[in-house]
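Breakdown of the fold
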Amino acid sequence: MSGDHSHNEDQIDCGSRVNDSHKHKDKYKEKEHKHKDHKKDKEREKSKYGNSDHKDSSDKKHRDKEKMKHKDGSTDKYKDKHKEKRKEEKMKSLDVKIKKEKENGFASPQHLKSEPEDDFYHSPKQSLKRVRNEDNDSEFQPKKIKTENDKKAKKRKQDEDIKPKKTKNKKGEVTDGKKKAKKEPEEKWKWWEEERYTDGVKWKFLEHKGPVFAPPYDPLPSHVKFYYDGKTMKLSPEAEEVATFFAKMLDHEYTTKDIFRKNFFKDWRKEMTSEEKTKITDLKKCNFSEMSEYFKAQSEARKAMTKEEKLKIKEENERLLQEYGFCIMDNHRERIANFRIEPPGLFRGRGDHPKMGMLKRRIRPEDIIVNCSKDSKHPEPPPGRKWKEVRHDNKVTWLVSWTENIQGSIKYIMLNPSSRIKGEKDWQKYETARRLKKCVDRIRNQYREDWKSKEMRIRQRAVALYFIDKLALRAGNEKEEGETADTVGCCSLRVEHIKLYPENDGQEYVVEFDFLGKDSIRYYNKVPVEKRVFKNLQLFMENKEPDDDLFDRLNTSILNKHLQELMDGLTAKVFRTYNASITLQQQLKELTNAEENIPAKILSYNRANRAVAILCNHQRAPPKTFEKSMQNLQTKIDAKRDQLSDAKRELKSAKADAKVRKDEKSKKTVETKKKAVQRIEEQLMKLEVQATDREENKQIALGTSKLNYLDPRISVAWCKKWGIPVEKIYNKTQP
DNA sequence: AAAGGAACTTAGTAGTATCCGA
DNA sequence: TCGGATACTACTAAGTTCCTTT
């Protein structure tokens, strides 16, 4: 239980949590022992279960959860149907390829597919190429036979293009040539040309105006009533505020969930007067519908506001942004990412979060720690209030922090990604990935050797690393049970998360992964692995219960310590960055066709991006309106088809007519009809492509990988190479 | 050396602004 | 020019990593 909870209000509720977590902690310890003395006994596991119903239920939930978050069933069917259809309609074979990947389980990164057993190591690039070659060469004519050398050469060239200097200047070098010169000299600050701090100092001077607090609670007008057990009841402002949080979410699925309701009700009662507390004992008897209606009406009203009113609000926001949204750090005015304090509300965890529905407390000035330079103008707390603390720590990057009451973790106000401090870090990240590129072969050889090690812990480490490298899995820290949703990463995989098939669909040694990862996003994938890995996995699973750790002799710190020895600065997540970037580069090379026009090239870029998103398993909920808009599109397509056959019929009759009449006029009609047919065909084609694209993107989120994993230098170089404006790829916030 | 805490990156979603085709 | 689709952003949860404390 982390957290110094400085507020006694929470103390109460923490109390019970602490209890809970003691239980968990014990369990936890037991589990830890396991790591040491390996053969863990089931009894222990059993008792672990016995001692907490909490756990029991959450565990069951875990299983059910699968259904919840990923919408396989119905959607997949839908997908397949359409897929079949489209396939017939000779989409580009590329589409088919990508789709095929999807059929095999959403997440399968392409490079996994075609791994021949003899492959020494399928670097992602090689196999990607192989897949491609099989499938689409006929169509796409990749006008190049690329060799590894070639590739390196290109890479080098890019580098030169982009940063003619060396080391520390990023792509900015190119950009500023054309577009500076204007005003706003500050914004063009080329921080990447300056010396970096060493020694952990993050800044020398920092001045800002502090956070913007959430607006105070505005009580409901008296005509908006709350009913308990059918009777109207006036709530105290405190209780009412919390009630409105719930009312605002009434339409949301959350409010139907038991845990959510339970947590909410418990926390709500804490805000009630003793009178209210005695009266209101059952959430089911609460009627929030008038409140809910009221808020809906409010938001309608907001939408219906006149232009002037909207403008006014916009201006006010802008003013606030200018005043609070920037800070001065080392002589530069830099944008702050989140200068508003998180408003109070009900906690919305993702997946099956045991704490969903709990009240997220309002943050007061007295909760806030301010960080700034001694010699700066310190931010003022609101009149009559005080900060919790003002400190001057230039070894950290945050301006403001506070402790949140749900998990007891610390929240920060930090700078925008465009700032020097974030940009440098990002830059470093890609540099590390590049260094990994240089020694990745060595590392791969090493872990392949380690599969044969006599020591269990080394073999486990090696297999885990193989997964991280090959599948771009996350490291997977242990988590405290009962504190968060039950999700895992590589090191925390449990036996129940994988299945082994000595033979499957004509492939040998197939591993099926099925687990919930970060954000409770499902990872599902079937991959053929090397025999040694397979045998090792069998061994790791021997005599274990489904909920035992697969890698019982491994955790993230062991793994990272090892990685650190292999390469300076290497950690598990670097593999994700590296493999994402290398995949992008590879795919761009493969997919880009010199002859194509710009939109087609951009489509290629997006496809490459998509490949990366698939690799990293970046999913999203299909947009709310997806089904509907897909249907719309489908009806449009159908209509177009009808139109087409009509047009064809007309053309036919016109032709017949022309044959008989043989006059100019009828000939002309034939021509026009022909044109019409062509035009309609084109339109139809376009619609269908659009449908495919949308379908493909249905549950893939491109933004994340673009933002966090893809070395912008690759993208920028690609744009330059093909004469594509960088803005087509990045919006102004990015590079 | 493991537990806990702090700091920072990565992630999906909701809500709004903008675009775009009939 | 309207309304739906799409793009963008703000928000904040959920990870990873590294450091400190016990």
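Model, not experiment: these values are computed from the prediction.

A few words on the layout of surface pockets. Estimates place the volume of the second largest pocket at around 1,300 Å³. As for the second largest pocket, its lining consists of 40 residues, of which Arg-474, Gly-517, Lys-518, Asp-519 and Ser-520 are closest to the centre. Contributions of two or more residues to the lining of the second largest pocket are made by strand 15 (522–528) and helix 23 (703–708).

The subject of this paragraph is unusual backbone geometry. In this structure, Asp-229 is a non-glycine residue whose phi angle is positive, near 55°. Position of Asp-229 relative to the elements: it lies in the loop between strand 2 (226–228) and strand 3 (231–233). The phi torsion at Lys-662 lies on the positive side, around 55°, for a residue other than glycine. Looking at the element boundaries, Lys-662 is found in the loop between helix 21 (626–661) and helix 22 (664–697).

The next thing to look at is the packing of aromatic side chains. Summed over all chains, the structure comprises 23 aromatic pairs. With a centroid separation of 6.0 Å and 85° between ring planes, the pair formed by Phe-226 and Trp-268 is classed as edge-to-face. Remark: Trp-268 occurs in helix 11 (residues 258–271) and Phe-226 occurs in strand 2; sequence separation between them is 42 residues. Looking at Trp-268, the relative accessible area reads 0%, which means it is buried. Relative to Trp-268, the ring of Phe-264 lies with its centre 5.3 Å away and its plane at 20°, an arrangement referred to as stacked.

Taken in spatial order, the 3 strands of this open sheet run 13-14-15, and their pairing is antiparallel. If you trace the sheet from one side to the other, it starts and ends with strand 13 (498–504) and strand 15, each paired once. Strand after strand, the sheet turns through a mean of 15° between neighbouring axes, direction not considered. The sheet contact formed by strand 13 and strand 14 (residues 507–516) spans 6 bridges and is antiparallel. Among the inter-strand pairings, Ile-498 is bridged to a residue of strand 14, identified as Phe-513. Running over the sheet, helix 16 (residues 456–471) touches strand 14 and strand 15 and is turned about 100° from strand 15.

Every other side chain in a regular strand lies on the same face of the sheet, so the side chains alternate between the two faces. Burial of the side chains of strand 6 (residues 332–335) is restricted to one face: His-332 and Glu-334 are buried, whereas none of Arg-333 and Arg-335 on the reverse face is. The sheet contact formed by strand 5 (residues 326–329) and strand 6 spans 4 bridges and is antiparallel. Bridge assignment links Phe-326 to a residue of strand 6, and that residue is Arg-335. Where strand 5 folds back onto strand 6 in an antiparallel hairpin, the turn is made up of 2 residues, including Asp-330, whose phi is positive at roughly 45°.

Glancing now at the nonpolar core. Within the largest apolar cluster, 49 residues are counted, with the highest numbers of intra-cluster contacts made by Leu-436, Ile-443, Phe-467, Leu-473, Phe-513, Leu-537 and Phe-551. Those elements that provide at least two residues to this core are helix 15 (420–450), helix 16, strand 14, strand 15, helix 17 (531–541), helix 18 (556–566) and helix 19 (572–591). Looking at this core, the element that brings in the most residues is helix 16, giving 9 residues. If we ignore the near neighbours within four places in the chain, the residues touching Leu-436 are Ile-443, Met-567, Leu-570, Val-574, Phe-575 and Tyr-578. With 29 residues, the next largest nonpolar core counts Leu-235, Ile-259, Phe-265 and Leu-359 among its residues.

Ordered in space as 3-2-4, the 3 strands form an open sheet in which the pairing is antiparallel. Two strands in the sheet have a free side with no partner beyond their single neighbour: strand 3 and strand 4 (286–287). The sheet contact formed by strand 2 and strand 4 spans 2 bridges and is antiparallel. Among the inter-strand pairings, Tyr-227 is bridged to a residue of strand 4, identified as Asn-287.

On to the protein's contact with DNA strand C, then. The immediate surroundings of DNA strand C are formed by 31 residues, with Arg-350, Lys-411, Gly-476, Asn-477 and Asn-560 found nearest. Of what DNA strand C places within 4 Å of the protein, 86% of the atoms are sugar or phosphate. For DNA strand C, a phosphate oxygen lies 2.9 Å from a polar atom in the backbone of Lys-573. Put simply, the parts of the chain that give the surface near DNA strand C at least two residues each are helix 19, helix 21 and helix 22. Residues belonging to the surface near DNA strand C are distributed by class as follows: 4 nonpolar, 14 polar and 13 charged.

Assigned domains within chain A: domain 1 (206–213 + 309–418), domain 2 (226–306), domain 3 (422–496 + 531–570) and domain 4 (584–728). Regarding the contact of domain 3 and domain 4, the summed buried area is about 680 Å², with carbon and sulfur atoms giving 42% of it. Of all residues in domain 3, the largest losses of buried area upon contact with domain 4 belong to Tyr-430, Arg-434 and Ala-472, amounting jointly to 59% of the total for that side. Joining domain 3 to domain 4, the criterion identifies 2 salt bridges.

This part takes up the pairing of strand 14. In terms of residue burial, strand 14 counts as a mostly covered element, since 8 of its 10 residues are buried. Joining the antiparallel neighbours strand 13 and strand 14 is a turn of 2 residues, in which Asp-505 adopts a positive phi near 50°. Pairing of strand 14 with strand 15 involves 7 bridges; the strand directions are antiparallel. Bridging across to strand 15, Phe-515 finds its partner in Tyr-523. Count of turn residues in the strand 14/strand 15 antiparallel hairpin: 5 residues, of which Asp-519 carries a positive phi of about 60°.

Where burial is concerned, most of helix 24 (residues 712–722) is hidden: 9 out of the 11 residues are buried. Where helix 24 is concerned, the buried positions are Pro-712, Arg-713, Ile-714, Ser-715, Val-716, Ala-717, Trp-718, Cys-719 and Trp-722. Two residues or fewer past helix 24, Gly-723 is found with a positive phi of approximately 65°.

Conventions we followed
Residues numbered from 1 in each chain as written. Chains lettered and ligands numbered in written order. Predicted model: local features only at pLDDT ≥ 70, side-chain atom pairs only at ≥ 80, totals over all residues. Heavy atoms only, no water. 1 Å grid on protein atoms, 1.4 Å probe; cavity = no way out; pocket = protein on both sides within 12 Å on 5 of 7 lines; lining within 4 Å. Points joined across faces, edges and corners; volume = space filled by probe spheres on them. Helix = DSSP H or I, 4+ residues; strand = E, 2+ residues; numbered from the N terminus. Phe/Tyr/Trp six-rings, centres within 6.5 Å; stacked < 30°, edge-to-face > 60°. Buried < 20%, exposed > 50% of the residue type's maximum accessible area, 1.4 Å probe, protein only. Pairing = 2+ DSSP bridges. Axes fitted to C-alpha atoms, helices over the stretch in contact; angles between N-to-C directions. Contact = heavy atoms within 4.5 Å. Core = buried A, V, L, I, M, F, W, Y, C linked by side-chain atoms within 4.5 Å. Near = heavy atom within 4 Å. Polar contact = N/O pair within 3.5 Å; in protein donor to acceptor, adjacent residues only side chain to side chain. Nonpolar A, V, L, I, M, F, W, Y, C, P; charged D, E, K, R; others polar. Domains from an automatic or database assignment. Buried area = accessible area lost by both parts, 1.4 Å probe. Salt bridge = Lys/Arg side-chain N within 4 Å of Asp/Glu carboxyl O.

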